[in-house]
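# Observations on the three-dimensional arrangement
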Amino acid sequence: NETELFHLPLTVTNVGGSAVGQVRVEGKLNNQGREEIAVTIIEFLPVRAKEEVVLVFRGEPSAAVVQVVSYRQP
C-alpha cells in the first residue's frame, strides 16, 4: 500500500535589506493527531529575490502552518 504524498508549493521572498543564507523553511501539520514536519533549506536568497520551494506531507496540507524559522547573515 503506497502512501499518497501531498506537495505544498511556496514562494519565499526576501523583503529585508540584506542577502541571507541557509534559510530554513518549516511546515507543521497536525495529521490525524500526529505532528508532521516538513523542512527545506534555501542556500542563498539575495535582497528582493524570490525562491520557489515545495514542502511534502503525508497528509493534506491546507491547514499547515509554514514559517521561516532561521537564516544566516553573510
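Whatever comes next refers back to the structure up there.
In this text, all values refer to a predicted model and were calculated from it rather than measured experimentally.

Here the focus is the sheet that holds strand 3 (residues 34-45). Read across the sheet, 3 strands follow the order 3-2-5 without closing on themselves; strand pairing throughout is antiparallel. Of all the strands in the sheet, the pair left with one neighbour each is strand 3 and strand 5 (65-72). Shown here is a sheet whose adjacent strand axes are inclined to one another by a mean of 20°, direction ignored. Relative to strand 5, strand 2 (residues 20-31) runs antiparallel, the two being bridged by 6 bridges. Within strand 5, the position partnered with Lys-28 by the bridge is Val-65.

What follows is about the nonpolar core. Leu-10, Val-12, Val-23, Val-25, Ile-42, Leu-45 and Phe-57 are the most contacted members of the largest nonpolar core, which totals 15 residues. For this core, the secondary-structure elements that each account for two or more residues are strand 1 (6-13), strand 2, strand 3 and strand 4 (50-57). Among the elements that take part in this core, strand 2 stands out by supplying 4 residues, more than any other. Not counting chain neighbours up to four residues away, the residues in contact with Val-12 comprise Val-25, Ile-42, Leu-45, Ala-49, Lys-50, Glu-51, Val-53 and Val-68.

A separate point is the environment of Arg-34. Structurally, Arg-34 can be placed in strand 3. Given a relative accessible area of 66%, Arg-34 falls into the exposed group. Sequence spacing of Arg-34 and Arg-48 is 14 residues, and the spatial spacing of their C-alpha atoms is 36 Å.

A word on a nonpolar patch on the surface. A surface patch of nonpolar side chains, about 230 Å² in accessible area, is lined by Leu-5, Val-54 and Val-56. Structurally, Leu-5 is set in the segment before strand 1.

What follows is about the pairing of strand 2. Looking at chain direction, strand 2 and strand 3 are connected through 11 bridges and run antiparallel. Residue Leu-29 lies in a different strand from strand 3, and its bridge partner there is Glu-36. Linkage of strand 2 to strand 3, two consecutive antiparallel strands, is achieved through a turn of 2 residues, within which Gln-32 is found at a positive phi near 55°.

Each value, and the rule that gives it
Residues numbered from 1 in each chain as written. Predicted model: local features only at pLDDT ≥ 70, side-chain atom pairs only at ≥ 80, totals over all residues. Heavy atoms only, no water. Pairing = 2+ DSSP bridges. Helix = DSSP H or I, 4+ residues; strand = E, 2+ residues; numbered from the N terminus. Axes fitted to C-alpha atoms, helices over the stretch in contact; angles between N-to-C directions. Core = buried A, V, L, I, M, F, W, Y, C linked by side-chain atoms within 4.5 Å. Buried < 20%, exposed > 50% of the residue type's maximum accessible area, 1.4 Å probe, protein only. Contact = heavy atoms within 4.5 Å. Patch = residues over 30% accessible without salt bridge, like charges linked within 9 Å, V, L, I, M, F, W, Y side chains within 5 Å. Areas by Shrake-Rupley, 256 points an atom, 1.4 Å probe, with all protein chains shown as cover. Salt bridge = Lys/Arg side-chain N within 4 Å of Asp/Glu carboxyl O.

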